[in-house]
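# Commentary on secondary and tertiary structure
Each chain, written out:
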Amino acid sequence: MADPTPQTVPTGGLRERKKQRTRDALIRAALELFTEQGYEATTIDEIAEAVDVSQRTFFRYFSNKQEVTFAVQDMVEARFLQKLAARPADEPPLLALRSAVLTAWDEIGNVIASVIPVDLYMRTFQMIESTPALVAAHLRRYTELEEQIAQLIARREGLDVDADPRPRVLVAAFSGVMRVAGKVWGEGHDCSVEGIREVTRSYLDHIGPAIETDWRADRGPSH
């Protein structure tokens with residue numbers, strides 16, 4: 001589940017900067033190994049060795065392989081939540097969600113690049129989608145994120161999320177579209193931020209028509 005404040009390179013003292021560099025190096029080494037030789041085939045010892053630190057040092061930063069896998073995703077999700085919280089109060093909920101995710105993707109390249117190369121993040125996204133153990137974890141995390149978003153939307157609209165189902169219904173539809181867009185992008189050949197942003201935009205633009213229009217009427221007269 002995303003922390004509302006993305007972890008970026010600290011501006012504090014030398015010790016904190018060294019700790020951040022070690023953490024970032026562990027993330028990069030882990031993701032490179034996962035995408036090259038597979039998540040299950042990679043050991044924590046191999047990750048630590050790639051950074052020239054001990055296994056004990058790895059565990060100072062991450063409790064397991066799964067946590068390091070989703071470390072950058074935590075930053076991405078946190079940036080989205082920040083953008084959603086900053087949307088104008090009078091903006092309709094679905095438009096706020098759409099605007100927040102597209103605005104976040106406009107900036108997320110720099111956030112990702114502060115830790116790992118953007119192409120490595122994109123390859124990691126695809127690796128997660130093709131690894132059963134990580135797909136299950138990803139779905140569990142998505143459920144937690146959906147609840148955070150629903151709570152945020154409810155607060156924006158002055159609603160009690162437990163008494164009014166609309167925030168959760170809307171977020172379920174939004175999240176479903178996001179998952180489909182991610183899957184479609186992951187199966188394609190454009191491994192870029194621009195690519196996933198465009199697929200996301202296209203699929204989000206179809207939510208309204210998919211719900212509100214008569215699909216048969218769009219086909220014209222039958223032959």
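For the structure itself, look to the data block above.
Residues numbered from 1 in each chain as written. Predicted model: local features only at pLDDT ≥ 70, side-chain atom pairs only at ≥ 80, totals over all residues. Heavy atoms only, no water.

Its twelve residues give helix H10 (residues 193-204) an end-to-end C-alpha distance of 16 Å, which sits within 8% of 16 Å, the value for a rise of 1.5 Å per residue. Within H10, the full set of buried residues consists of Val193, Gly195, Ile196, Val199, Thr200 and Leu204. Within H10, the buried residues cover an arc of 165 degrees as seen down the axis, which keeps them to one side. (Helix = DSSP H or I, 4+ residues; strand = E, 2+ residues; numbered from the N terminus. Expected span 1.5 Å × (residues − 1). Buried < 20%, exposed > 50% of the residue type's maximum accessible area, 1.4 Å probe, protein only. Arc of directions from axis to C-beta.)

For the pair helix H1 (residues 14-37) and helix H7 (residues 118-129), interaxial distance at closest approach is 10 Å and the crossing angle is 50 degrees. Put simply, H1 runs oblique to H7. For H1 against H7, the interelement crossing comes out left-handed. Each of Arg28, Leu31, Glu32, Phe34 and Thr35 in H1 lies in contact with H7, whose residues at this interface are Leu120, Arg123, Thr124 and Met127. Residue composition of the contact of H1 with H7, by class: four nonpolar, two polar and three charged. (Axes fitted to C-alpha atoms, helices over the stretch in contact; angles between N-to-C directions. Parallel < 35°, antiparallel > 145°, perpendicular 65-115°, else oblique. Left-handed = near helix turned anticlockwise from the far one by under 90°. Contact = heavy atoms within 4.5 Å. Nonpolar A, V, L, I, M, F, W, Y, C, P; charged D, E, K, R; others polar.)

A few words now on the side chain of serine 175. Mapped onto the elements of the fold, serine 175 is located in helix H9 (residues 166-186). Here serine 175 is in contact with Tyr142 and Glu146, once residues within four sequence places are set aside.

Taking 1.5 Å as the rise per residue, helix H5 (residues 71-85) with 15 residues should run 21 Å; its terminal C-alpha atoms sit 22 Å apart, in good agreement. Counting buried residues along H5, eleven of its 15 residues qualify, which places the element largely inside the surrounding structure. Of the positions making up H5, those classed as buried are Ala71, Val72, Gln73, Met75, Val76, Glu77, Ala78, Arg79, Phe80, Leu81 and Leu84.

The next subject is unusual backbone geometry. Phi angles above zero are rare outside glycine, and aspartate 52 is one such case at about 65 degrees. On the secondary structure map, aspartate 52 appears in the loop between helix H2 (44-51) and helix H3 (55-61). In this structure aspartate 52 comes out as exposed when scored by relative accessible area, which is 71%.

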